[in-house]
Amino acid sequence: GCRRPLLFYACFDELAYAVQQNPNLQSVEFLSISVPFGQFREEGSKVDMSGGVCEQAGALPFQDVEVMFISRLLMGSKAESLDVSQACIKDYGIQALAFTLSVQSLGKQCMVSRLHLQQCHIGSKGVRYLCSGLKRNNYLSYLDISECDLDEKSAEYLVDALAPPDTDERVCFLETLKMANNRLGSKGVAVFCEGLVGGDGRAHNDSITYLDISDNHATMVGGAALAMWLAQSSDLLEVRLDGNSLFENVGGDVDMTSVHHFIEAFLSNSTLQRLSLRRNKINTVVLQQLAFGLIPNSTLQVLDVSENSIAISYTICKELLSRLNANTSLRELNMAGNPVGEGVSQLMHARNSDKTRKAPSQYGKKTGIYESYGLEGKGKMRSSAALIQAKRGESYLQENDMIPVQVEEI
């Protein structure tokens, strides 16, 4: 039960070595946790030591000493994924984990490709240690550091690991990066995105395909940098930017300059398939402009603008659909949680009209836009009884409410 990491850190090598040499050992009781060592031997296994699992086992979320021991066991193991979310990791624990990630000695390499650290609150200091390990690791492809108290300084450390000045020195090739619900702020988001793009205007990171930077108070400054990265990237497939007020200036007013940056991104990007802009205070004018920019885009399949301030009226729907019908790729538009305006009830029951187009026989075939309020369905129709009864000023569109519309015949 000793909690003096520096004094007893050397003991972990001997203890871990002894454990690894025992072929029959399946579980190790260590301080407050039971370590499922058998999983470390199984190729492709997922080691889940998250706070939720510990709580179910009647133990407290583990802390630095336990993390140090787990980190040492990872050396030479065959585990594919490690989940230590909600753990109370401080300096010693994150240093040990970073060291494990950096080991390159044959037979001792950490081959974990997925690392979950959400809600560990490691802060910028912890991110600095973590990135020192990432710079020497070429196995990790998935990193979740959501709710870890990241700030502007953290963004600098991440850029240094993911897009070093000398590209020949780059080792880390993350594909999925989740850092939602942190404190990056507009400057931090801008530092991160501009660092990955580089001074020459070209994206220096060509591995990230999924990015979640939701709820980081990015505002207009961060939004402009994000749009610039989208415009330059040739690898991003899905981006989540929820809850960032991307189109608002310091005074809280909509700034069309930021909107135009995203329009340029839509025009330039040729890989993005899914974009989430939930809870960004998007109004009707902003959505109209974004829809205009989507007309020539040929890759975006899902756009989520739910829980914003879009007044959904018959006129707006007709105008949006007339624009989006020219788009060849968009299949799902999520507008749930926006206020319903006048005339929408007519539109929602248009499927009963002879003018309504039948569902496409093959998903993805260019047969017109089917508006999906929710992110599922892919052309499938719900019964009219399942559609909400819209009343002016009283209703909000709900998840999975769907409207089939042939624009030319409304």
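Residues numbered from 1 in each chain as written. Predicted model: local features only at pLDDT ≥ 70, side-chain atom pairs only at ≥ 80, totals over all residues. Heavy atoms only, no water.

K.L.:
So what exactly am I meant to see when it comes to the overall build of the chain here?
P.N.:
The helix and strand inventory of the chain stands at 13 helices and 14 strands. Among the 410 residues that make up the chain, the fraction classed as buried is 51%. Look at the contacts in the chain between residues 6 or more apart in sequence, and 82% of them connect residues 24 or more apart. Accessible surface for the chain amounts to roughly 18,400 Å². Of this, 48% is attributable to carbon and sulfur atoms. (Helix = DSSP H or I, 4+ residues; strand = E, 2+ residues; numbered from the N terminus. Buried < 20%, exposed > 50% of the residue type's maximum accessible area, 1.4 Å probe, protein only. Contact = heavy atoms within 4.5 Å. Areas by Shrake-Rupley, 256 points an atom, 1.4 Å probe, with all protein chains shown as cover.)

K.L.:
What's the story with the packing of helix α10 (residues 256–268) against helix α11 (residues 284–294) in this structure? I'm lost.
P.N.:
The axes of two packed helices give the description: the angle between them and the distance between them. Packing of α10 against α11 leaves a shortest axis separation of 8 Å and a crossing angle of 25 degrees. With respect to their mutual orientation, α10 and α11 come out roughly parallel. For the crossing formed where α10 meets α11, the hand is right-handed. Contacts between α10 and α11 pair M256, V259, F262, I263, F266 and L267 from the former with V285, V286, Q289, L290, G293 and L294 from the latter. When its residues are assigned to classes, the contact of α10 with α11 shows 10 nonpolar, 2 polar and no charged. (Axes fitted to C-alpha atoms, helices over the stretch in contact; angles between N-to-C directions. Parallel < 35°, antiparallel > 145°, perpendicular 65-115°, else oblique. Left-handed = near helix turned anticlockwise from the far one by under 90°. Nonpolar A, V, L, I, M, F, W, Y, C, P; charged D, E, K, R; others polar.)

K.L.:
Can you walk me through unusual backbone geometry in this structure?
P.N.:
Residues apart from glycine generally show negative phi values, whereas peptide bonds are mostly found in trans. Positive phi, close to 70 degrees, is recorded for Q86, a residue that is not glycine. Mapping Q86 onto the fold places it in the loop between β4 (81–83) and α5 (91–102). With relative accessibility at 34%, the residue Q86 sits in the partly exposed group.

K.L.:
Looking at this structure, I do not really get the pattern of salt bridges. What am I missing?
P.N.:
Two side chains carrying opposite charge are able to pair once their charged atoms lie near each other. Enumeration over the complete set of coordinates arrives at 11 salt bridges. For E80, the salt bridge identified is with K46, shortest N-O distance 3.5 Å. With a gap of 34 residues between them, E80 in the loop between α4 (64–74) and β4 and K46 in strand β3 (residues 46–48) connect regions that are remote in the sequence. Using a relative accessible area of 56% as the deciding quantity, one classes K46 as exposed. With a shortest N-O distance of 3.8 Å, R274 and E238 are connected by a salt bridge. Of this pair, R274 sits in strand β10 (residues 274–276) while E238 sits in strand β9 (residues 238–240); the two residues are 36 residues apart in sequence, bridging distant segments of the chain. Overall, R274 belongs to the partly exposed group, its relative accessible area being 32%. Connected via shared salt-bridge partners are R278, D304 and E307. (Salt bridge = Lys/Arg side-chain N within 4 Å of Asp/Glu carboxyl O.)

K.L.:
Which parts of the structure should I look at to understand the environment of I94?
P.N.:
Position of I94 relative to the elements: it lies in helix α5. Sequence-distant contacts of I94, that is, excluding residues within four places in its chain, are made with I89, L117, I122, G126, Y129 and L130.

K.L.:
Can you help me understand the state of the cysteines in this one?
P.N.:
What is meant by a disulfide is a covalent connection between two cysteines, made through their sulfur atoms. Tallied over the entire structure, the rule returns 0 disulfides. The closest cysteine sulfur to the non-disulfide-bonded C88 is located on C120, 8.4 Å from its own sulfur. Free of any disulfide, C148 has its nearest cysteine sulfur in C120, 5.4 Å distant. (Disulfide = S-S within 2.5 Å.)

K.L.:
What should I look at first to understand α11 in this one?
P.N.:
For an α-helix, 3.6 residues make a turn, and residues three or four places apart therefore share a direction. Counting buried positions along α11 yields 8 of 11 residues, so the element is predominantly enclosed. Those residues of α11 that fall on the buried side of the exposure criterion are T284, V286, L287, Q288, L290, A291, G293 and L294. Looking at the packing, one finds that the buried side of α11 touches α10, β11 (302–304) and α12 (314–324). The distance from a side-chain oxygen at the start of α11 to the backbone nitrogen of V285 is 3.2 Å, and the residue carrying that oxygen is N283. (Polar contact = N/O pair within 3.5 Å; in protein donor to acceptor, adjacent residues only side chain to side chain.)

K.L.:
Could you clarify how one ought to interpret the packing of α5 against helix α6 (residues 123–134) in this entry?
P.N.:
It is the contact of α5 with α6, at a shortest axis distance of 7 Å, that shows an interaxial angle of 15 degrees. Considered as vectors, α5 and α6 are oriented roughly parallel to each other. Here the hand of the crossing between α5 and α6 comes out right-handed. Within the contact between the two elements, α5 uses D91, I94, Q95, A98, L101 and S102 and α6 uses K125, G126, Y129, L130, S132, G133 and L134.

K.L.:
Would you mind going over the sheet that holds β4 with me for this structure?
P.N.:
In a beta sheet, neighbouring strands pair by backbone hydrogen bonds and run either parallel or antiparallel. Pairing in this open sheet of 10 strands is parallel, and the strands run β3-β4-β5-β6-β7-β8-β9-β10-β11-β12 from one edge to the other. Bordering the open sheet on either side are β3 and β12 (332–334), each of which pairs with just one other strand. For this sheet the average axis-to-axis angle between neighbouring strands, irrespective of direction, equals 5 degrees. For β9 and β10, the ladder comprises 3 bridges, and the chain directions are parallel. From the neighbouring strand, V239 faces β10, where its bridge partner is L275. (Pairing = 2+ DSSP bridges.)

K.L.:
What is the right way to read the nonpolar core from this model?
P.N.:
The nonpolar side chains of a soluble globular protein tend to be buried, and buried together. Counting residues in hydrophobic clusters, the biggest one holds 92 residues, and the most contacted among them are L117 and F192. Broken down by element, this core gets its largest block of residues, 6 residues, from helix α8 (residues 185–197). Sequence-distant contacts of F192, defined by excluding residues within four places in its chain, comprise A155, L158, V159, L162, L177, M179, L211, I213 and W229. (Core = buried A, V, L, I, M, F, W, Y, C linked by side-chain atoms within 4.5 Å.)

K.L.:
Would you take a moment to explain the packing of aromatic side chains for this structure?
P.N.:
Given two aromatic rings, one states the distance between the centres and the angle between the planes to describe the pair. By the definition in use, this model includes 2 aromatic pairs. Cation over ring: R114 sits above Y142, and NZ or CZ is 3.8 Å from the ring centre. (Phe/Tyr/Trp six-rings, centres within 6.5 Å; stacked < 30°, edge-to-face > 60°. Lys NZ or Arg CZ within 6 Å of the ring centre and 35° of its normal.)

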